[in-house]
Amino acid sequence: MLVKHTTGNRRIIIAIDGPAASGKSTTARKVAGMLGYTYIDTGAMFRSVTLKVLDLGMIDTVRSFPDSIEALLQDLSITFCDDRVFLDGRDVTSAIRENRVSREVSFISSLGPVRQRLRLMQQDMGRLKGVVMDGRDIGTVVFPDAELKIFLIADARERAARRYAELAAKGASGSELPDVGMLEREIVERDRADAERALAPLKKHPDAIEIDTSELSIDEQVTMVRDLALALLRREG
Ligand code: CDP
């Protein structure tokens, strides 16, 4: 049974950042459900832009001329509805999780026009508060004043094993399902690219609470984040 926790009218922003496959999206979605908040998966937004570039056959052009991405951002629409992601009106929920998207997303996410466009969309989505938003720069750049900031980390091998299970459960095969060792290398490389980029790099805000999920079950990490949120709401409510 799902119990929604009521804590008066005060609503906060919960920012959950961390490296690839650290359990951010599962945690954020479940905590949002428990609090009656809206979950916003900002990684899905960067993945959607990446998918758009790939599907238009523009990846090499954008690599050679990064500014060429601006035209594509002009008529960009990304919306969330019932746990599904829509890019320009098309349901891309599965397509954005494919490994071909994961391989290019750090590059696309490093581009200034992309970050600026998505940051404005994200700030607009959170303006009424009552949101749980996960990503890489939510606590540092998008909502530095978020009342609760969480930084989730986990051992790279454990994260690769989780990602393998996720892709396999979706029926991926062939080049879309590399072995765990290859996935671990790809994840470590993506973390490096995300942490070393000039714009909005992945880093922990000094106020963020770090949780290592390597040895935690999903239920345990969800409970920890939910309890932190409830304690904050009771204290300040
Ligand atoms: O699910 P996973 O942890 O693999 O990644 P994600 O949250 O879907 O994010 C995919 C990629 O988008 C990241 O590797 C970053 O390059 C980028 N991203 C970002 O730059 N800023 C965010 N706020 C969220 C994602």
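Notes on the structure in this doc start here. In this text, all values refer to a predicted model and were calculated from it rather than measured experimentally.

Here we take up the overall build of the protein chain. Helix and strand content of the protein chain: 10 helices and eight strands. Against the globule reference of 18 Å for 237 residues, the protein chain gives a C-alpha radius of gyration of 17 Å, in line with a compact fold. Over its C-alpha atoms, taken along the principal directions, the protein chain stretches across nearly 50 × 40 × 35 Å. Within the protein chain, the fraction of its 237 residues that count as buried is 49%.

To continue, consider the site of the ligand. The environment of the ligand is formed by 20 residues, the closest being Arg47, Asp137, Arg163, Arg190 and Asp194. Contacts to the ligand include threonine 42, whose side-chain N or O atom sits 3.0 Å from a nitrogen atom. With respect to the ligand, the side chain of aspartate 194 contributes an N or O atom lying 2.7 Å from an oxygen atom. Its free accessible area being 530 Å², the ligand has 98% of it covered by the protein chains. Taken together, the elements giving at least two residues each to the shell around the ligand come down to helix H2 (42–55), helix H5 (99–109) and helix H9 (180–196).

This brings us to H5. Note that an α-helix has 3.6 residues per turn; residues three or four places apart therefore point the same way. With eight of its 11 residues buried, H5 lies for the most part within the structure. Next to the buried residues of H5 lie H2, helix H3 (59–64), helix H4 (69–74), helix H6 (112–125), helix H8 (156–169) and H9.

Attention shifts here to the sheet that holds strand E4 (residues 84–87). The sheet built from three strands is open, its strands ordered E3-E4-E5 with antiparallel pairing. Bordering the open sheet on either side are strand E3 (78–81) and strand E5 (90–91), each of which pairs with just one other strand. By the bridge criterion, four bridges tie E3 to E4 in an arrangement that is antiparallel. What sits directly across from phenylalanine 80, in E4, is valine 85.

Looking now at the sheet that holds strand E2 (residues 38–41). The sheet built from five strands is open, its strands ordered E2-E6-E1-E7-E8 with parallel pairing. Only two strands of the sheet have a single neighbouring strand rather than two, namely E2 and strand E8 (209–212). Within the sheet, the average angular offset between the axes of one strand and its neighbour, ignoring direction, is 20°. Examined bridge by bridge, strand E7 (residues 148–153) and E8 share four bridges and lie parallel to one another. For leucine 152, the partnering residue across the bridge sits in E8 and is isoleucine 211. Packed onto the sheet, helix H1 (residues 24–35) meets strand E1 (13–17), E2, strand E6 (131–135) and E7 and runs at close to 180° relative to E6.

Here H2 spans 20 Å end to end across 14 residues, near enough to the 20 Å set by a 1.5 Å rise per residue. Buried residues dominate H2, accounting for 12 of its 14 residues. Here H2 has its buried residues at Thr42, Ala44, Met45, Phe46, Arg47, Ser48, Val49, Thr50, Leu51, Lys52, Val53 and Leu54. N-cap assignment for H2: the residue whose side-chain oxygen lies 3.1 Å from the backbone N of glycine 43 is aspartate 41. Glycine 57 sits one or two residues past H2 and shows a positive phi near 65°.

With that settled, the discussion passes to the pattern of salt bridges. Counted according to the given criterion, the structure contains 23 salt bridges. When the shortest N-O distance is used, the salt bridge between arginine 192 and glutamate 189 registers 2.7 Å. Taken together, the residues span about one helical turn, with arginine 192 and glutamate 189 both in helix H9 at a distance of three residues. Given the relative accessible area of 38%, arginine 192 is considered partly exposed. A relative accessible area of 40% means that glutamate 189 is categorised as partly exposed. Three or more residues joined by partner-sharing salt bridges are found here, namely Asp55, Arg90, Glu98 and Arg100.

Time to look at the nonpolar core. Formed by 36 residues in total, the largest nonpolar core has its most connected members in Val49, Ile69, Ile78, Ile108, Val114 and Leu118. The leading source of residues in this core is H2, at seven residues. The contacts of valine 49, once residues within four sequence positions are left out, are Ile69, Leu72, Leu73, Leu76, Ile78, Ile108, Val114 and Leu118. Grouped together as the second largest cluster of nonpolar side chains are 21 residues, Tyr37, Tyr39, Leu230 and Leu233 included.

Basis of the calculations
- The numbering scheme is per chain: residues are counted from 1 as the chain's sequence reads.
- It should be noted that, the model being predicted, local features are given only for residues of pLDDT at least 70 and side-chain atom pairs only at 80 or more, the latter also being counted only at that level, while totals for whole chains, interfaces and linings use all residues.
- Hydrogens and waters are ignored; side-chain quantities use all the structure's heavy atoms.
- Segments assigned H or I by DSSP are reported as helices when at least four residues long, segments assigned E as strands when at least two residues long, and all are numbered from the N terminus.
- Only the C-alpha atoms count toward the radius of gyration. The rule for a globule is 2.2 Å times the residue count to the power 0.38.
- Think of it in three bands: with a 1.4 Å probe and only protein chains considered, a residue is buried below 20% of the maximum accessible area for its type, exposed above 50%, and partly exposed in between.
- Summary of the distance rule: residues count as near a molecule or strand when at least one heavy atom falls within 4 Å of that molecule or strand.
- Side-chain atoms alone can form a polar contact between residues adjacent in sequence; in general such a contact is a pair of N or O atoms within 3.5 Å, and within protein one must be able to donate a hydrogen while the other accepts it.
- For accessible areas, the Shrake-Rupley method is used with a probe of radius 1.4 Å. Any residue's cover is judged against the shown protein chains and nothing else.
- Two residues form a contact once any of their heavy atoms are found within 4.5 Å.
- When DSSP locates at least two bridges between a pair of strands, those strands are taken to pair.
- Interaxial angles span 0 to 180 degrees and are taken between N-to-C directions of axes, which are lines fitted to C-alpha atoms, for helices over the stretch in contact.
- One less than the residue count of a helix, multiplied by 1.5 Å, gives the span that helix is expected to have.
- A pair is scored as a salt bridge if a Lys or Arg side-chain nitrogen falls within 4 Å of a carboxyl oxygen belonging to Asp or Glu.
- Nonpolar cores were defined as sets of buried Ala, Val, Leu, Ile, Met, Phe, Trp, Tyr and Cys residues, with membership established by side-chain atoms within 4.5 Å.

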